[in-house]
Structures are given as C-alpha cells and as structure tokens.
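These are the residues of each chain, in order.
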Amino acid sequence: MKTITTLIILTVLCMGGMGQSINRKALIERHNVINLKYDSLSSLTLGNGGFAFTADITGLQSFPEAYSKGVPLGTQSQWGWDSFTDTAAYRFEESLKIYHLHNRDITYAVQWHSPERNKRASDWFRQNVHRLQLGNIGFEIIKKDGQACKLEDIQNIKQTLDLWNGLIKSHFTVEGIPVDVVTTVHPKQDIVSVKVNSSLVREGRLKIRIRFPYPTGEFADAGVNLIGKHHSEIIDNTILHQLDNYKYYVQIVGGKVTKGQPNEFFVKPEAECSFRFSEKQLTSSIPNTQTAAATYWNAYWSHGGMVDFSGSTDPRAFELERRIILSQYLMAVQCAGDMPPQETGLTCNSWYGKPHLEMYWWHAVHFALWNRIELMEKSLQWYFKVADKAKVIAVRQGYEGIRWQKMTDPQGNESPSSVGAFLIWQQPHFIYMTELVYRHYHNRATLDKYKDLVFATADFMASYAAPDSNRYILGKGLIPAQERFKPEETFNPTFELAYWRWGLTTAQQWRIRLGLTRNKKWDEVLSKLSALPQQDGVYLAAESAKDSYTNPVYMTDHPAVLGALGMLPASIALDTAIMHNTFNKIWDNWNWKETWGWDFPLTSMTATRLGLRNKAIDALFIPVQTNTWLKNGHNYQDERLRLYLPGNGGLLTAVALMCAGYDGCKTKNPGIPDDGTWKVKWEDIQPMP
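Quick notes on the rules
- Residues numbered from 1 in each chain as written.
- Predicted model: local features only at pLDDT ≥ 70, side-chain atom pairs only at ≥ 80, totals over all residues.
- Heavy atoms only, no water.
- Helix = DSSP H or I, 4+ residues; strand = E, 2+ residues; numbered from the N terminus.
- Rg over C-alpha atoms; globule rule 2.2 N^0.38 Å.
- Buried < 20%, exposed > 50% of the residue type's maximum accessible area, 1.4 Å probe, protein only.
- Areas by Shrake-Rupley, 256 points an atom, 1.4 Å probe, with all protein chains shown as cover.
- Pairing = 2+ DSSP bridges.
- Axes fitted to C-alpha atoms, helices over the stretch in contact; angles between N-to-C directions.
- Contact = heavy atoms within 4.5 Å.
- Polar contact = N/O pair within 3.5 Å; in protein donor to acceptor, adjacent residues only side chain to side chain.
- Phe/Tyr/Trp six-rings, centres within 6.5 Å; stacked < 30°, edge-to-face > 60°.
- Lys NZ or Arg CZ within 6 Å of the ring centre and 35° of its normal.
- Disulfide = S-S within 2.5 Å.
- Salt bridge = Lys/Arg side-chain N within 4 Å of Asp/Glu carboxyl O.
- Expected span 1.5 Å × (residues − 1).
- Bend = angle between axes of the 7 residues up to and from the residue.
- Core = buried A, V, L, I, M, F, W, Y, C linked by side-chain atoms within 4.5 Å.

Comments concerning the overall build of the protein chain
Part 1: Scanning the protein chain from terminus to terminus reveals 18 helices and 28 strands.
Part 2: Scaling as 2.2 N^0.38, a compact globule of 689 residues should have a C-alpha radius of gyration of about 26 Å, and the protein chain matches this with 26 Å.
Part 3: Overall size of the protein chain, expressed as C-alpha extent along the three principal axes, is 85 × 65 × 50 Å.
Part 4: Taken across its 689 residues, the protein chain has 64% of its residues classed as buried.
Part 5: Of the roughly 25,300 Å² that the protein chain leaves accessible, carbon and sulfur atoms contribute 51%.

Considerations on the pairing of strand 10 (residues 155–162)
Part 1: Where strand 1 (residues 33–35) lies against strand 10, three bridges are found, and the strand directions are antiparallel. By the bridge assignment for strand 10, I34 is matched with T160.
Part 2: Connecting strand 10 to the antiparallel partner strand 11 (residues 167–174) that follows it, the hairpin turn spans four residues, and G166 within it adopts a positive phi of roughly 65°.

Focus on the sheet that holds strand 3 (residues 51–55)
Part 1: The strand order across the open sheet built from three strands is 2-3-4, with neighbouring strands paired in antiparallel fashion. On the outer flanks of this sheet lie strand 2 (44–47) and strand 4 (75–77), each paired with one strand and no other. Shown here is a sheet whose adjacent strand axes are inclined to one another by a mean of 20°, direction ignored.
Part 2: Sheet topology note: the strand 2/strand 3 ladder contains four bridges and is antiparallel. The partner of T45 across the bridge, within strand 3, is T54.
Part 3: Packed onto the sheet, helix 7 (residues 317–334) meets strand 2 and strand 3 and runs at close to 50° relative to strand 2.

As for the environment of T107
Part 1: Here T107 lies in strand 7 (residues 104–109).
Part 2: With a relative accessible area of 19%, T107 lands in the buried category.
Part 3: Here the alpha-carbon distance between T107 and L163, two residues 56 residues apart in the chain, equals 48 Å.
Part 4: Among residues more than four places away in sequence, those in contact with T107 are L96, K97, I98, R396 and Q397.
Part 5: A distance of 3.0 Å separates polar atoms of two side chains, one belonging to T107 and the other to R396.

Looking at the packing of aromatic side chains
Part 1: Across all of its chains, the model carries 46 aromatic pairs by this definition.
Part 2: Judged by centre distance (5.2 Å) and plane angle (85°), the rings of F309 and W678 are edge-to-face. Linking F309 in the loop between strand 21 (306–308) and helix 7 with W678 in the loop between helix 18 (645–660) and strand 28 (681–683), this pair joins segments that are 369 residues apart in sequence. In this pair, the class of F309 matches that of W678, namely buried.
Part 3: In textbook terms, an aromatic cluster arises when at least three aromatic residues are bridged by ring pairs, as seen for W361, W362, W425, Y432, F495, Y499, W502 and W598.
Part 4: Directly above the aromatic system of Y300 lies the positively charged group of R372, at a separation of 4.0 Å from the ring centroid.
Part 5: Directly above the aromatic system of F455 lies the positively charged group of R511, at a separation of 5.4 Å from the ring centroid.

Side note on the state of the cysteines
Part 1: Applying the stated rule across the entire model yields zero disulfides.
Part 2: With no disulfide of its own, C659 has C665 as its nearest cysteine by sulfur position, at a separation of 11 Å.

Things to note about the pattern of salt bridges
Part 1: Counted by the stated rule, this structure contains 30 salt bridges.
Part 2: Its salt-bridge partner being R316, residue D618 comes within 2.8 Å of it at the nearest N-O pair. Linking D618 in helix 17 (residues 613–619) with R316 in the loop between strand 21 and helix 7, this pair joins segments that are 302 residues apart in sequence.
Part 3: Residue classification places R316 among the partly exposed positions, given a relative accessible area of 23%.
Part 4: One salt bridge in this structure joins K406 and E358, with 3.2 Å as the shortest N-O distance. In this pair, K406 sits in the loop between helix 10 (382–396) and helix 11 (429–441) while E358 sits in the loop between helix 7 and helix 8 (360–369), placing the two residues 48 residues apart along the sequence.
Part 5: With relative accessibility at 11%, the residue K406 sits in the buried group.
Part 6: Classification of E358 as buried rests on a relative accessible area of 4%.
Part 7: Among the charged side chains, a salt-bridge network with shared partners connects R30, D308 and E321.

Quick word on helix 10
Part 1: With 15 residues, helix 10 extends 22 Å between its outermost C-alpha atoms, agreeing within 8% with the 21 Å of an ideal straight helix rising 1.5 Å per residue.
Part 2: Remark: the principal bend of helix 10, roughly 40°, maps to D388.
Part 3: Of all the positions in helix 10, only W382, Y383, V386, A387, A390, I393 and A394 are classed as buried.
Part 4: Residues of helix 10 that are buried make contact with helix 8, helix 9 (373–380), helix 11 and helix 12 (444–464).
Part 5: G398 occupies a position one or two residues after helix 10 and carries a positive phi of about 85°.

Re the nonpolar core
Part 1: F275, W301, V307, L320, M376, Y383 and W404 are the most contacted members of the largest nonpolar core, which totals 212 residues.
Part 2: For this core, the element with the highest residue contribution is helix 12, accounting for eleven residues.
Part 3: In contact with L320, other than residues within four places in its own chain, are F309, I617, L620, F621, L651, V655 and W678.

Some remarks on the sheet that holds strand 20 (residues 272–278)
Part 1: Taken together, nine strands build an open sheet; the order of strands is 1-10-11-12-13-20-17-16-15 and the sheet is antiparallel. Single-partner strands in this sheet number two, and they are strand 1 and strand 15 (230–235). Looking at each pair of strands side by side, their axes are set apart by 15° on average, direction ignored.
Part 2: Here strand 10 pairs with strand 11 via six bridges, running antiparallel. The residue of strand 11 that forms the bridge with D162 is L167.
Part 3: Together, strand 11, strand 12 (177–185), strand 13 (191–197) and strand 20 form the strand contacts of helix 6 (residues 289–302), whose direction differs from that of strand 12 by roughly 60°.

Structural data, given as structure tokens:
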C-alpha cells in the first residue's frame, strides 16, 4: 500500500464515486466492438503497446486494399525502422537556416523550397528514418470454381473485439461454408497468433498469405512490393526480410511455410498458427498467446482507473462511457511502448512514423492520472537515451541545458520542420510528467532518478527567456501551440508563458525537495517573466497578436490559450475572471470546424477548472468532423488522418479532471453536471496538479 500523503487526501476530497463498487467486467463487455458488415473505418487492432496488428473482418489482413482509405491494416512496432540508401551524401547542416533573433544568428532545421540541394536534404532527413509496415498476414481462400475469394464473397459476418480478454473473434462464411477465427497478440512478445476452424482448411482451400512491402517514403507510407528493392527468404520456417540496410525476421510456428511470388509466402495453418516478429532470428518455442493475452487484459481492466455512467439519463452518457473504455484500450495497445508514439500509434504511419514530442503529453499523461503510472514511465525513460542530442540542439542555438526535440525518431534525431523547429511547448512536458511520477511515489528515489534532466530542461527554459527592458519575454523566433503564427514576428504566447512559469516553479520545488538552494537564474526569470497578455478583458493568443479575435486565421487551429487554465492549474499570474471571459469568447466565436481532436478535451478541462460543469460535457460533444468517434473507438480527423490518438488520450485526461478534480478541489465531480441527469461512479483516478 502507498503511504498516505497529501495527494491521497486531495483524492478523497475530490472523490465522486470512490468506494462505490463497479462491475468492471460487465462495464467493459458492454462496449465490445461488434462488426456485422464490412466498413473500412472499423478495422480492429490488437497489440501490446510496442507492437500492434490491425485486422479486417476476417480476423487477419486479407483485404488491405479495401481498407487503404479507411483505418488501414498495418503491422507495426517501435523497433522496425528503415532508411533509404543515401546516394547524395546529404548532411544535416544542409537543412539548417539562419535566423537573426535577439541580436544574434540562430540556426533552425526547416523545410527548404530552394535551392534544390537544400530542399532535397531537408526532405531526406524528414523521411529518414521511417517506420516500417512489417508485413501483411491475411487469408487466401479459394472458391469452388478455383477463383480467389473476394471481399464480396465474405458473408454472414459477425466479428467481436473481446476487450476483457484481448482477442478478436471473427465468424463468416464463404459459399455457405463457415469459418471461425480467433486472433490474439502476445502482451510481452511481438507475436500474432491465429486459430482457424473451417472445413476449408482441411480441403486445402484456405491458407494464410504473408506479403512484405517496401516503404514508399510518403507521409502515410503503407508500403508496396517493389521487386528488386527488397527480398525475402525462408530459413528454417522463419522468413528473413531484407531491405536497404535493415533486416528482420518472422518466425512461424503451426504451419509449413512455402514461397509464392517475390516477397510473398503461404502457410497451411494447423490448429494454431503463430508469427513472431523480431530484429534477430529466434528459434525458441512460442508461448500460448491467447492465455497470456487473457491474463494480461483481465489484470489491466481489474486495476487502474475506471468510470461507470450507468443509471444516467443524459443520452450522451453511454457514448461518453464507450469512448472512455475504447480509449483506455487503444492507448494501451498503441501508446504504451518504450518510446513516445506517433500520432497514429502502431496502426499506420503519419509524418513518416515519427513521434511528435509536443503531443507526448496527450499520449501519456492520462496513464498517470488513471493509476497506470508504469505505462507512462516506460516511454519516459527514452528521454535519457536522447538527452545528448537534445543538448546538441541547445548548444547549436546558443542556449544552456537541453532543448527537447519536436519531430524525432528512436535515436532522438531532429527532423527538419518549418513549424516544429520553432515550437517550444514540448519543453516543459518532461517536468510535468516527472512531477506526476513524483506525486505517485512521493520518494527521494524518483527525485534522484530524474533530477538531472529536470534541471537541464529548466536551464534551457531560463536561458531561452530573452531580456527585454525590465522583463523577460518568450520569442521572437517561436510558433505557439496554436500553429497559426509566423515565428519571426511572434512573442509571448499566453499558454507558453503560463507553462514556462509553471515549469520553472516546479523545477525549483524539486531543488527544495532535494535540500538544494534555489537556482538564482530561474528565480530571476520567474520574477520578471512577462505578464499574460490581455486586451479588452480577455487573454490574447500572444502579445504580438493584438488581432487574436478579429483575424479569422487566428480563430482556427488549437485554442491553446485555454491551456493556461486547463492543462495547467491556476497561478498568481492568471486572473480566473479574465480566463472566464476568454473561454466565453472562444466558445461563442471559434471556428470549431478548423480544430483537432485534442482541442475538445482541452476546452473541457478549462470549463471544469472554471466550474462550468455543463460546458465541460458539451465541449466533448461539439458536433464537428474532427470530433468524430468511430465504431472502433478511433478519433477521426479527415481523409488524411482517419485516426488520431491525441484525441483519445486527451479525452481520458479530461475525464480524470472532471471526476477526480485537481489540487485544492473541494467539489465533487467538478466536471460532471449536477442536474440529476448524470450518475457517475469512478475508482482509482488521481487529481491533476
């Protein structure tokens, strides 16, 4: 049992449903996903946080072309990355552009349009390395006439994502012959296992087909078979796939592998057939995947946070509960690996498969709040691995400490980006998340483990703040979280100012906890950091944007100003009355059609902290396309991003705040309407700072 601390006391003060028993199994099972027909947006994913397999209505990846414009059928891992052969000897320095800011030259890695050599170099380092689609595993079913089964031949479909046991059960018929499939992914090894029961197997008319793609280098690369660019071969019933300078293996147990066309293989499955993906050739036995998956998922759902809205009469309650349960599942499947995830997780590529560190907050913070701290800490360790490269960025630009990357890769390399190079709001994230770790364990070991990186993070923040007369400013040379502003002109965005103050204040608290003296430079910046910019009784997006609410362009994208009292707690630098006015201004006038999936939880969090219970719920249901929630729980954005996991993580963070509140909260369920239409029981959720 954890030691009772102030944190636990605050939890008790804000608890809304603690102590009320939730029938977790019944709650989870009522949100199992059931597919009764083909829908390109309702594919289902199994995974373990660092490896995932997305299946169609057959339980495997039999018809990838039919899903290519929906939620695609991918097999991805956190370890599978490729880089094309560089025949032009590009140098990263060719992506750097000089900007004259604060009376000195600073280089940023950006996307060039000309000269051609710089353009090609910046494109190269954006595209390489790129995450691999590791392989397509699907059925090949032959009909009585000898023709291959097509999608329209799959009839009498009933497919269930069994959340409690972490498996997919798929039933269908081909020419009246039933096929029953059970698909699972091992919770600790990168194994896909499939059980098939059908007379078609015994007749030799159903086989498993494996295809290996070659990357295209495109934004949402799904791979193609470019013969001559890659090759595959069988070694002791294991397939070796070789491409460029990278190779990996697929060990197959439960069926004999035979070769088809180039980079294509077939397996006649036995009672259970398993495919283990790895960077090294493995020959050890494969464990029982279905048993391991059930054990893991039963435990996952039995521990950690849970919310139950049964008994509510508000018609939105069941849908919100569905989104919560499926988001908990998807984030564990897609975003619980050893490094920050990409925005589309392990289903498919976006931005070449690379993670964006400003989004890491939205992917990971909820794990801590829902008492699954170990899932956040797992990827948090990656920062130690890449700190040296973050230090290089700071040194190159003339700052102290370390400047955390924005768009990056497993090794922490910087990716050129005309927006990302100027973002700064990813910087305090490390302090925020390690503070959550400390709040969980409340021990010296946590402070000692993370202190060096916390302090180096704060050192950059203090040195980045530029002296301007008798104050410190942020910028010029930045783009706020609301990516609508030119870096050369922008300074003092409201949210970033508030986050800078919170981050430096928290870093000082770490020094005090460790028995160290306060850092004088940090205190100097804190004492003179610019006030949050306001005009006509509302907070501006940035001090440099006096037209924040009259320029239509500035009324789109993320309403990031709300983060100053949403993601962040109230502070002496913030006037809640002005934030209330700002909230109303944004609520009534924002172009909500031009937003992203995490903007709705962000808005909900601000409403909760302002005591606007009804608005906290309403914000989660603003009826625009980017707030679309698919049958499988994914947050649909547009034709380019058919899934968007920051929306799922943001929802869980918002709901935690709505139920458990925040430090100093004395209101029961502060983000849930108290008009009698909502009944809420919740367990094991922690308050936000």
